[in-house]
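Residue-level listing of the chains:
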Amino acid sequence: MKVVLFCGGRGTRIRDYSESIPKPMIPLGHQPILRHVMQWYSDYGHDEFVLCLGYKANVIKEFFLNTRPQTFADCVVSGGGRDVQLLNEADKDWRVTLLDTGIWRNIGERLWAAKEHVRHEKMFLANYSDGLTDVDLKDVIAKFEASGKIGCFLAVRAPLTYHLADIAEDGRVREFRTTDTSEIWINGGYFVFRPEIFDYMREGEELVLEPFTRLIADNMLMAYKHEGFWRSMDTLRDWQSLEDMVEKGDMPWNAKVTAEKNRRNVVAAAS
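Okay, so let's go over this structure.

1. Focus: the overall build of the chain
Scanning the chain from terminus to terminus reveals nine helices and 15 strands. Here the C-alpha atoms of the chain give a radius of gyration of 20 Å, agreeing with the 18 Å that 2.2 N^0.38 yields for 271 residues. Its C-alpha atoms give the chain principal-axis dimensions of about 80 × 55 × 40 Å. Residues counted as buried form 43% of the 271 residues belonging to the chain. In the chain, the proportion of contacts linking residues at least 24 apart, taken out of those at least 6 apart, comes to 71%. Of the roughly 14,800 Å² of accessible surface on the chain, 49% is carried by carbon and sulfur atoms. The chain carries 35 positive and 41 negative side-chain charges, and their two centres are separated by 1 Å.

2. What about helix H3 (residues 57-66)?
Within the sequence span of H3, burial applies to Ala57, Ile60 and Phe63. Angular distribution of buried residues about the axis of H3 spans 130 degrees; they occupy a single face of the element. In H3, the exposed positions angled more than 90 degrees off the buried face are occupied by Leu65 and Asn66. In this structure, the buried residues of H3 make contact with strand E1 (2-7), strand E3 (31-32), helix H2 (33-43), strand E4 (48-53) and strand E7 (95-100).

3. Re the nonpolar core
The biggest cluster of nonpolar side chains holds 45 residues, and the ones touching the most others in it are Leu5, Tyr41, Leu51 and Trp253. It is H2 that contributes the most residues to this core, six residues altogether. Counting residues in each nonpolar core, the second largest holds 24 residues, with Val118, Ala155, Phe198 and Tyr200 among its members.

4. Structural notes on unusual backbone geometry
One non-glycine residue, Lys56, lies in positive phi territory at about 50 degrees. By the element assignment, Lys56 lies in the loop between E4 and H3. Although it is not a glycine, Asn219 sits at a positive phi angle of roughly 55 degrees. Along the chain, Asn219 falls in the loop between helix H7 (210-217) and strand E14 (221-226).

5. Some details on the packing of aromatic side chains
Evaluated as defined, the whole model comprises 16 aromatic pairs. Seen from their ring centres, Phe193 and Phe212 are 6.3 Å apart, and the 65 degrees between their planes marks the pair as edge-to-face. Here Phe193 is found in strand E13 (residues 185-193), whereas its partner Phe212 is found in helix H7, with 19 residues between them in sequence. Each member of the pair, Phe193 as well as Phe212, carries the same accessibility label: buried. Grouping aromatic residues by their ring pairs yields a cluster made of Phe6, Trp112, Phe124, Tyr128, Phe153, Phe191, Phe193, Phe198 and Phe212. Across from the ring centre of Phe144, 4.9 Å away, lies the NZ or CZ of Arg194, which sits over that ring.

6. Some thoughts on the environment of Glu247
By the element assignment, Glu247 lies in helix H8 (residues 236-247). Spatially, the C-alpha atom of Glu247 lies 33 Å from that of Asn106, the residues being 141 residues apart in sequence.

7. Comments concerning the environment of Asp218
The topology assignment puts Asp218 in the loop between H7 and E14. Put simply, Asp218 and Lys149 are 69 residues apart on the chain and 9.5 Å apart in space, counted from C-alpha to C-alpha. One polar contact links Asp218 to Tyr200, side chain to side chain, over a distance of 2.9 Å.

8. Looking at a nonpolar patch on the surface
Taken together, the side chains of Ile167, Val173 and Phe176 present a nonpolar region at the surface, about 310 Å² in accessible area. Turning to its location among the elements, Phe176 is positioned in strand E12 (residues 173-177). Using a relative accessible area of 55% as the deciding quantity, one classes Phe176 as exposed.

9. As for the sheet that holds strand E8 (residues 124-127)
Pairing in this open sheet of seven strands is mixed, and the strands run E7-E4-E1-E8-E13-E10-E14 from one edge to the other. One side of each edge strand has no neighbouring strand; the edge strands of this open sheet are E7 and E14. Put simply, the sheet's adjacent strands are angled 25 degrees from each other on average, direction ignored. Contacting strand E10 (151-157), E13 and E14, H7 runs over the sheet at an angle of about 100 degrees to E14.

10. Focus on H2
Most of H2 sits out of view: ten of its eleven residues are buried. By the burial criterion, the buried members of H2 are Ile33, Leu34, Arg35, His36, Val37, Met38, Gln39, Trp40, Tyr41 and Ser42. Of the residues trailing H2, Gly45 is marked for its positive phi of about 95 degrees.

Definitions and cut-offs
- Residues numbered from 1 in each chain as written.
- Predicted model: local features only at pLDDT ≥ 70, side-chain atom pairs only at ≥ 80, totals over all residues.
- Heavy atoms only, no water.
- Helix = DSSP H or I, 4+ residues; strand = E, 2+ residues; numbered from the N terminus.
- Rg over C-alpha atoms; globule rule 2.2 N^0.38 Å.
- Buried < 20%, exposed > 50% of the residue type's maximum accessible area, 1.4 Å probe, protein only.
- Contact = heavy atoms within 4.5 Å.
- Areas by Shrake-Rupley, 256 points an atom, 1.4 Å probe, with all protein chains shown as cover.
- Lys, Arg positive; Asp, Glu negative; His and termini not counted.
- Charge placed at Lys NZ, Arg CZ, Asp CG, Glu CD.
- Arc of directions from axis to C-beta.
- Core = buried A, V, L, I, M, F, W, Y, C linked by side-chain atoms within 4.5 Å.
- Phe/Tyr/Trp six-rings, centres within 6.5 Å; stacked < 30°, edge-to-face > 60°.
- Lys NZ or Arg CZ within 6 Å of the ring centre and 35° of its normal.
- Polar contact = N/O pair within 3.5 Å; in protein donor to acceptor, adjacent residues only side chain to side chain.
- Patch = residues over 30% accessible without salt bridge, like charges linked within 9 Å, V, L, I, M, F, W, Y side chains within 5 Å.
- Salt bridge = Lys/Arg side-chain N within 4 Å of Asp/Glu carboxyl O.
- Pairing = 2+ DSSP bridges.
- Axes fitted to C-alpha atoms, helices over the stretch in contact; angles between N-to-C directions.

Below, the structure written as structure tokens:
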């Protein structure tokens, strides 16, 4: 299944990085968040990507043009760098289409620009490229396919630290509660679509506004509620939080890291 990734953002709220590189290229550990997202899809068997580029598109193009398999693998180098032996399994061969969709286009316009690359697919996936999750993608796709809907988005809890007040019309406060006990859900930026989504889009429209409103009117939009891990990288504080997780080896979005962590816990418990 093809994966459309929206990579045109400037990340203006993470200025330390985003003035020199596009937001999807901001590093987490030794690789950009974009590659973390792509690896997550690849772990589920989806290895064909369509990248909708915008701000500093050349930086992302150069990354894929210059990256070699050994960049993210343990290896032995000899012959002054001419001979490279990989010590572990190399990444799968991804097919990556790089589309320059313009600097100032919104998400809807970027998806429309990728139309010809997914119009013949039974279904396709899409992502904002700035968030990570541990949701079961197979289950998301299965439920979406069974629903007969045209669009699906991942619904997650709003990451708010405020206490929410339930206030009556006369000003009486009924109760205070936290976001995790409320019914406030937001768009997590992970989508599954059928090509018919383009029938609901018009030139210049933002994806989750007018097109989604039309889907809702036709009962063709579903949400997949996810209570597990989800984190977007909107601010410098978000980046620092994710970076701390990577440094500690706590990466719930990475199947290999999680499996190794679980193995170590089992060994530790047995000893």
